[in-house]
Amino acid sequence: RRSKGVRRKGPWCARAWTKMKFNLDGLDVYFPYEYIYPEQYSYMRELKHALDAKGHGLLEMPTGTGKTISLLSLITSYQLAHPEVGKLVYCTRTVPEMEKVLAELKLLQEYRLERIGKRAQMIALGLSSRKNMCIHPSVAEERSRESVDAKCRKLTSSWVRVKSVDDPDIELCDFFEEYEKTGAEALLPPGIYTLQDLRVFGRKKGWCPYFLARHMIAFVNVVVYSYQYLVDPKVSQMVSKELERECIVVFDEAHNIDNVCIEALSVNLRQQTLDSAGRNISKLKSKVNLMKQKDAQRLTDEYNRLVSGLAQQGALTAPDDWLGNPALPNDILRESVPGNIRRAGHFL
């Protein structure tokens with residue numbers, strides 16, 4: 001089938017004059033360009049073998065030979081023929097790579113809708129950090145990701161929202177509140193959504209695009225996000241816990257994954273942070289020691305009263321010098337410290 005379009009240099013730059021549908025080992029594959037290189041065809045065949053076997057694949061092609069569109073064409077066609085395989089989780093290293101994947105997917109989806117209509121409808125979106133998705137005026141203007149995250153939490157945390165019920169002067173995020181009011185009805189219509197598309201949709205509906213995208217992960221056919229959302233335990237437990245067990249997972253530029261895993265499980269500490277922590281520990285240690293001394297003194301005083309009372313009644317037969325100066329051994333005093341203080345000492 002031929003469709004008109006603007007042709008630019010090279011088959012991978014823009015929409016070409018023709019597009020194609022071909023059969024690959026019994027699978028109808030929709031490909032949105034007029035050319036397909038032999039390497040792409042081989043790439044798709046090996047990828048299909050991996051999907052048929054429900055196994056793993058490690059595929060490599062030179063830069064600029066159309067890996068992304070080959071992969072998207074084959075997998076979305078496979079999803080169409082085998083819905084049970086679940087959603088496609090496409091992991092990229094950077095936001096520009098994510099946007100490139102979604103742009104290619106948009107082009108592919110246009111062709112699929114032309115050929116097979118509504119049956120080809122899907123929902124695909126990109127998910128990134130609050131820094132790249134926030135539309136709140138004062139929060140979005142923050143420069144660092146950490147500042148955006150902190151400011152967002154101050155406006156959306158559950159304890160802040162509970163406190164605002166009694167204090168109307170507490171500022172909340174209107175976009176998040178509108179999203180929460182809509183509840184389960186806050187859904188995206190079928191389509192391919194880049195980060196910019198999500199921001200535009202969020203402004204139109206008055207919904208927070210970041211939390212909307214996280215909510216939609218359970219419903220989409222394709223989600224494109226960073227490696228960290230899947231390999232970093234701290235992030236994946238919050239973001240990717242809704243993913244079903246049966247998914248097709250792609251790590252683009254997978255030679256970077258070892259560095260990403262190392263980074264995800266590493267902590268960077270500055271000398272300033274360590275110095276501040278040391279000062280805080282010293283302050284805490286002083287307070288714990290003071291509490292220990294007070295508890296030990298109370299126990300000693302009580303012990304002295306007990307011994308004096310028993311001595312006056314003639315119930316003790318001990319040397320006079322000991323009765324005149326009763327004292328508890330140090331090990332008894334140490335054990336007299338209540339459990340929570342003792343645990344604090346062990347922690348320090």
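Everything discussed here concerns the structure shown above.
Every value quoted in this text rests on a predicted model; they were computed, and no experiment measured them.

(A) Spotlight on the packing of helix H2 (residues 67–81) against helix H3 (residues 95–116). At a minimum axis distance of 10 Å, the contact between H2 and H3 shows a crossing angle of 45°. When the axis of H2 is compared with that of H3, the two are oblique. Crossing hand, H2 versus H3: right-handed. Along its contact with H2, which presents Thr68, Ile69, Leu72, Ser73, Thr76, Ser77 and Leu80, the element H3 presents Lys100, Val101, Glu104, Leu105, Leu108, Arg112 and Ile116. Across the contact of H2 with H3, the residue classes tally to 7 nonpolar, 4 polar and 3 charged.

(B) Broad picture of unusual backbone geometry. Phi is positive for Asp25, close to 50°, though the residue is something other than glycine. With a phi angle near 50°, Glu253 is a residue other than glycine that sits in the positive phi range. Structurally, Glu253 is set in the loop between strand S7 (248–251) and helix H13 (257–264). Overall, Glu253 belongs to the partly exposed group, its relative accessible area being 30%.

(C) Spatial organisation of the packing of H3 against helix H9 (residues 195–205). One can describe the packing of H3 onto H9 by two numbers: an axis separation of 9 Å at closest approach and a directional angle of 80°. Considering their axes alone, H3 and H9 lie roughly perpendicular with respect to each other. Along the contact surface, H3 presents Val95, Met98, Glu99 and Lys106, while H9 presents Leu195, Gln196 and Asp197.

(D) Representation of the packing of aromatic side chains. Applying the stated criterion to the full structure yields 10 aromatic pairs. When the centroid spacing of 6.3 Å and the interplanar angle of 70° are considered together, the rings of Tyr193 and Phe201 count as edge-to-face. Per residue, the accessibility class of Tyr193 equals that of Phe201, and both read buried.

Reading the values: rules and limits
Residues numbered from 1 in each chain as written. Predicted model: local features only at pLDDT ≥ 70, side-chain atom pairs only at ≥ 80, totals over all residues. Heavy atoms only, no water. Axes fitted to C-alpha atoms, helices over the stretch in contact; angles between N-to-C directions. Helix = DSSP H or I, 4+ residues; strand = E, 2+ residues; numbered from the N terminus. Parallel < 35°, antiparallel > 145°, perpendicular 65-115°, else oblique. Left-handed = near helix turned anticlockwise from the far one by under 90°. Contact = heavy atoms within 4.5 Å. Nonpolar A, V, L, I, M, F, W, Y, C, P; charged D, E, K, R; others polar. Buried < 20%, exposed > 50% of the residue type's maximum accessible area, 1.4 Å probe, protein only. Phe/Tyr/Trp six-rings, centres within 6.5 Å; stacked < 30°, edge-to-face > 60°.

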